[in-house]
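Given next are the chains, with one letter for each unit.
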Amino acid sequence: MKMSKSDHRKWWVLGSLSFGILAIALDMTILNVALPTLATDLNASTSSLQWIVDAYNLVLAAVLLPAGMMGDRFGRKKFLLIALVLFGAASLGCAISDSSSMLIAMRALLGLGAAFIMPLSMSILPVLFHGAERTKAMMIWAMANMFGIPLGPILGGWLLKHYAWGSVFLINLPLVAIALIAVGLLLPESKSETRRRLDGVGIATSSIGLAGVTYGVIRTGEHSWSDPAALAAIAASVVLLLLFVWRQRRIAYPLIDLSLFRSSRFTWGALLATIVTFAMFGIMFAMPQYFQAVQQFDSFGTGIRLLPMIGGVIIGAKLAQSLIAKAGTKQVAAIGFAMLAAGLAVGAFTQSGSGYGFAAAWLTLAGFGLGMSLPTSMDAALGELSAERSGVGSALIMALRQIGGTFGVALLGAALNATYRSKLQLHGVPDAVAETARQSVSAGAAAAHRIASEPLLDSVGRAFVSGMDVMFWICGGIALAGMVCAILFLPRGEVHSGSNQSSEIGV
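Keep in mind it's a predicted model, so treat the numbers as computed, not measured.

**A closer look at the overall build of the protein**
For the protein, the helix and strand inventory stands at 20 helices and zero strands. Computed over the C-alpha atoms, the radius of gyration of the protein is 22 Å, within 12% of the 23 Å expected from 2.2 N^0.38 for a compact globule of 507 residues. Across its three principal axes, the protein shows a C-alpha extent of roughly 70 × 50 × 45 Å. Taken over 507 residues, the protein has a buried fraction of 57%. In the form shown here, the protein has an accessible surface area of approximately 19,600 Å², with 65% of it arising from carbon and sulfur atoms.

Printed below as a string of structure tokens:
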């Protein structure tokens, strides 16, 4: 059947918006390869480098829910355009920053732009697409989101070899420009027909709560789970979030529609997407360190070696798209979680001397599981959103995923580091070197090279792999739990659309 001009336009919008999503995903990892250069060129301290990374995540977490609500209330296209312009301007500001404080401020603005782009780009899917078309659109959106994570080190490593560090931010500009043109010319405005009153208290409690939880978890990764400031931030933030939920149940115009959680498809779709994110961030936390610190590849080589996972994601997502109509969401999601668990279980047998073929095989299998489980879970939740509440509903899904990823890195990192430190063999190593080696595998490998100690380098590698294997067993168990939850709680049948309205793109 030949597509109409309206059909062509909405697919062009999605394809172009995917470039904006790709830019956001790239920003999550591309900066990591530039940190050593930033430390030298900007004379940035370790604390400054941490804030350069964390400023983005903190603002992103804080603004997600208000961003979805504002798009629903005032117009999704309008705020998407503003956010894309802000993201592009902030990228340029990052590239020309001449101090760490300026770069931190620009990274915060990047996070602000991303906080609007991510939920609002997802919120237009139930407005423009329905049924099987929406499932296909969700697959494209999710793949653009996932591709940037391993592509960041590849692209960042290549840019740093040929250009100044500012190029890792300038790469965002053409991607944002493509998205801006398509959204401006092709996307119709959409917003909620109900003019809800702004919930200022809800905005404040949810924003401070989400940012506080994110900060507390980040701080535990930098210090430990016994750090008083980290525990206080998490405890206070949890209280604020509980107050937020309590208040949302009692006011006439809540920031989020808690009735969404009456739908098992939305509730379990969102929770399963969070579980997938938790496990995925475990892989992306450990494998770059394994390739760089243990197997001694540079950042570019590390990114290249993560590509099999992308191949698995593409195949898995394509297969999921064709299977959903025949087998249903429950079965497809469960198969995806089973494949992810199997890949992680195989990965848990990794040794410091394992060949790359072994890593490529299990990364492909894990990627296959990711490609089947993540878009399917998100589409299950998205299918319950009408055009009326797609903005705040999408923001809620993204906020849960953000929390899942943040806790994933912190909790799994803590398990990995505890095993790493317990397995280190430091007999005969000078105290100062031993203390450095205990900090992290990267610090340990650098210290071993500095004193030219092969035994220490071997011990560091073996200890890290032991911790990584423990972490993968945990991730595999979480993925297996996701499979069980999908079987028990996701409704049977094909994903349906929560909106009965058809939105055509005008000529």
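**Quick notes on a nonpolar patch on the surface**
Together, L92, I96, L170 and L173 make up a nonpolar patch on the protein surface, roughly 330 Å² of accessible area in all. As for its placement among the helices and strands, L173 is situated in helix α9 (residues 172-186). What makes L173 partly exposed here is its relative accessible area of 30%.

**Considering the pattern of salt bridges**
Summed over the entire model, instances satisfying the criterion amount to six salt bridges. Here E435 and R438 are joined by a salt bridge, their closest N and O atoms 3.5 Å apart. Taken as a pair, E435 and R438 lie in helix α18 (residues 431-439) at a separation of three residues, close to a single helical turn. Its salt-bridge partner being D458, residue R462 comes within 2.9 Å of it at the nearest N-O pair. Of this pair, R462 and D458 both sit in helix α20 (residues 454-489), separated by four residues, roughly a single helical turn.

**Focus on the layout of surface pockets**
Sizing a probe to match a water molecule and rolling it over the atoms shows the empty space that remains. The space that makes up the second largest pocket amounts to roughly 290 Å³. Along its surface, the second largest pocket is lined by 16 residues, and F244, V245, I256, L396 and L400 are the ones closest to its centre. A per-element tally of the lining of the second largest pocket places helix α11 (residues 228-248) first, with five residues. A class-by-class count of the residues in the lining of the second largest pocket yields 15 nonpolar, one polar and no charged.

**Digging into the packing of aromatic side chains**
Summed over all chains, the structure comprises twelve aromatic pairs. Plain terms: the ring middles of W11 and F129 are 4.6 Å apart, the flat faces sit at 50° to each other, and that makes the pair tilted. One end of the pair, W11, is in helix α1 (residues 5-29); the other, F129, is in the loop between α6 (125-128) and α7 (132-162), with 118 residues separating them in the sequence. Relative accessible area serves as the criterion here: at 0%, F129 is assigned to the buried category. The cationic tip of K136 hangs over the ring face of W11; the distance from NZ or CZ to the ring centre is 5.1 Å.

**Observations regarding the packing of helix α4 (residues 76-95) against α9**
At a minimum axis distance of 10 Å, the contact between α4 and α9 shows a crossing angle of 165°. Taken together, the axes of α4 and α9 are roughly antiparallel relative to one another. With respect to the hand of their crossing, α4 and α9 are arranged in left-handed fashion. Of the residues in α9, those in contact with K77, L80, L81, L84, V85, F87, G88, S91 and L92 of α4 are N172, L173, V176, A179, L180, V183 and G184. Across the contact of α4 with α9, the residue classes break down as eleven nonpolar, four polar and one charged.

**Things to note about the side chain of S206**
Relative to the helices and strands, S206 resides in helix α10 (residues 200-222). The class of S206 is buried, set by a relative accessible area of 0%.

**Observations regarding α18**
Within the sequence span of α18, burial applies to V433, A434 and A437. The buried residues of α18 occupy one face: seen down the axis, they fall within an arc of 100°. Exposed residues on α18 whose side chains face more than 90 degrees from its buried face are D431, A432 and Q439. Of the surrounding secondary structure, the elements contacted by the buried residues of α18 are α17 (390-423), α19 (441-450) and α20.

**A closer look at the packing of α17 against α20**
Packing of α17 against α20 leaves a shortest axis separation of 8 Å and a crossing angle of 145°. Where α17 crosses over α20, the handedness of that crossing is right-handed. Two secondary-structure elements touch here, α17 through L412, A415, L416, T419, Y420 and K423 and α20 through V460, A463, F464, S466, G467, M468, V470, M471, I474 and C475. When the residues that make up the contact of α17 with α20 are grouped by side-chain class, the tally is twelve nonpolar, three polar and one charged.

**What about unusual backbone geometry?**
Unusually for a residue other than glycine, Q296 sits at a positive phi of about 65°. Using a relative accessible area of 40% as the deciding quantity, one classes Q296 as partly exposed. In this model, A452 sits at a positive phi of 55°, which is unusual for a non-glycine residue. With respect to the helices and strands, A452 occurs in the loop between α19 and α20.

**Quick word on the nonpolar core**
L125, M287 and F472 are the most contacted members of the largest nonpolar core, which totals 156 residues. Looking at which element gives the most residues to this core, the answer is helix α12 (residues 264-294), with 18 residues. Filtering out sequence-adjacent residues up to four positions away, M287 remains in contact with L306, A359, W362, L363, M468 and F472.

**What to know about the confidence of the model for the protein**
Averaged over all residues, the pLDDT of the protein is 84; the fraction at 70 or higher stands at 93%. For the protein, helix α2 (residues 35-41) is the element with the lowest average pLDDT, namely 76, and helix α15 (residues 329-347) is the one with the highest, namely 95. Here residues 495-507 is modelled with pLDDT under 50, and outside its nearest four sequence neighbours on either side it reaches 41 contacts, counting other chains as well.

**Considerations on the side chain of S377**
With respect to the helices and strands, S377 occurs in helix α16 (residues 356-382). Overall, the relative accessible area of 0% leaves S377 in the buried class. Looking at S377, its side chain comes within polar contact range of the main-chain oxygen of S373, at 2.7 Å. Apart from residues no more than four positions distant in its own chain, S377 is found in contact with G269, A270, L272, A273, A333 and F337.

Conventions adopted
For every chain, the first residue of the written sequence is number 1, and numbering continues from 1 along that sequence. Where local features are concerned, this predicted model is filtered to residues with pLDDT of at least 70; where side-chain atom pairs are given and counted, the filter is 80 or more; whole-chain, interface and lining totals use all residues. Only hydrogens and water are removed before side-chain values are computed, so all heavy atoms of the structure are retained for them. Every helix listed is a DSSP run of H or I at least four residues long, and every strand listed is a run of E at least two residues long, numbered separately from the N terminus. Radius of gyration means the value over C-alpha atoms here, while the globule rule gives 2.2 Å times the residue count to the 0.38 power. Each residue is placed in one exposure class: buried if its accessible area under a 1.4 Å probe, protein chains only, is under 20% of its type's maximum, exposed if it is over 50%, and partly exposed if it falls in between. Only the protein chains shown count as covering a residue, and every accessible area follows the Shrake-Rupley method with a 1.4 Å probe. Note that patches include only residues with greater than 30% relative accessible area and no salt bridge, and the join distances are 9 Å for like charges and 5 Å for nonpolar side chains (Val, Leu, Ile, Met, Phe, Trp, Tyr). The salt bridge definition used is simple: a Lys or Arg side-chain nitrogen within 4 Å of an Asp or Glu carboxyl oxygen. As defined here, a cavity is a set of points on a 1 Å grid over the protein atoms alone where a 1.4 Å probe fits but cannot get out. A pocket is an open set with protein on both sides within 12 Å along at least five of seven lines, and residues line them when an atom is within 4 Å of a point. Grid points are joined across faces, edges and corners, and a volume is the space filled by probe spheres set on the points. Gly counts as polar in this scheme, as do all residues outside two lists: the nonpolar Ala, Val, Leu, Ile, Met, Phe, Trp, Tyr, Cys and Pro, and the charged Asp, Glu, Lys and Arg. Note on aromatic contacts: the rings of Phe and Tyr and the six-membered ring of Trp form a pair at centre separations within 6.5 Å, being stacked when their planes are under 30 degrees apart, edge-to-face when over 60 apart, and tilted otherwise. To sit over a ring, a charge needs its Lys NZ or Arg CZ within 6 Å of the ring centre and within 35 degrees of the ring normal. Where helices are involved, their axes are fitted lines through C-alpha atoms of the stretch in contact, as for all axes, and angles between N-to-C directions lie from 0 to 180°. Any angle that falls under 35 degrees is termed roughly parallel, while one over 145 is termed roughly antiparallel, one within 65 to 115 roughly perpendicular, and all others oblique. By the definition used in this description, the sense in which the near helix is turned from the far one sets the handedness, with an anticlockwise turn below a right angle giving left-handed and a clockwise turn giving right-handed. The contact criterion used throughout is that any non-hydrogen atoms of two residues lie within 4.5 Å. As used here, the arc belongs to the directions running from the helix axis to the C-beta atoms. In these notes, a set of buried Ala, Val, Leu, Ile, Met, Phe, Trp, Tyr and Cys residues joined through side-chain atoms within 4.5 Å is what counts as a nonpolar core. The pLDDT value tells you how sure the predictor is about a given residue, anywhere from 0 up to 100. As used in this structure description, the phrase polar contact means that two N or O atoms lie within 3.5 Å; if the pair is within protein, one of them must be able to donate a hydrogen and the other to accept it, and residues adjacent in sequence are counted only when both atoms belong to side chains.

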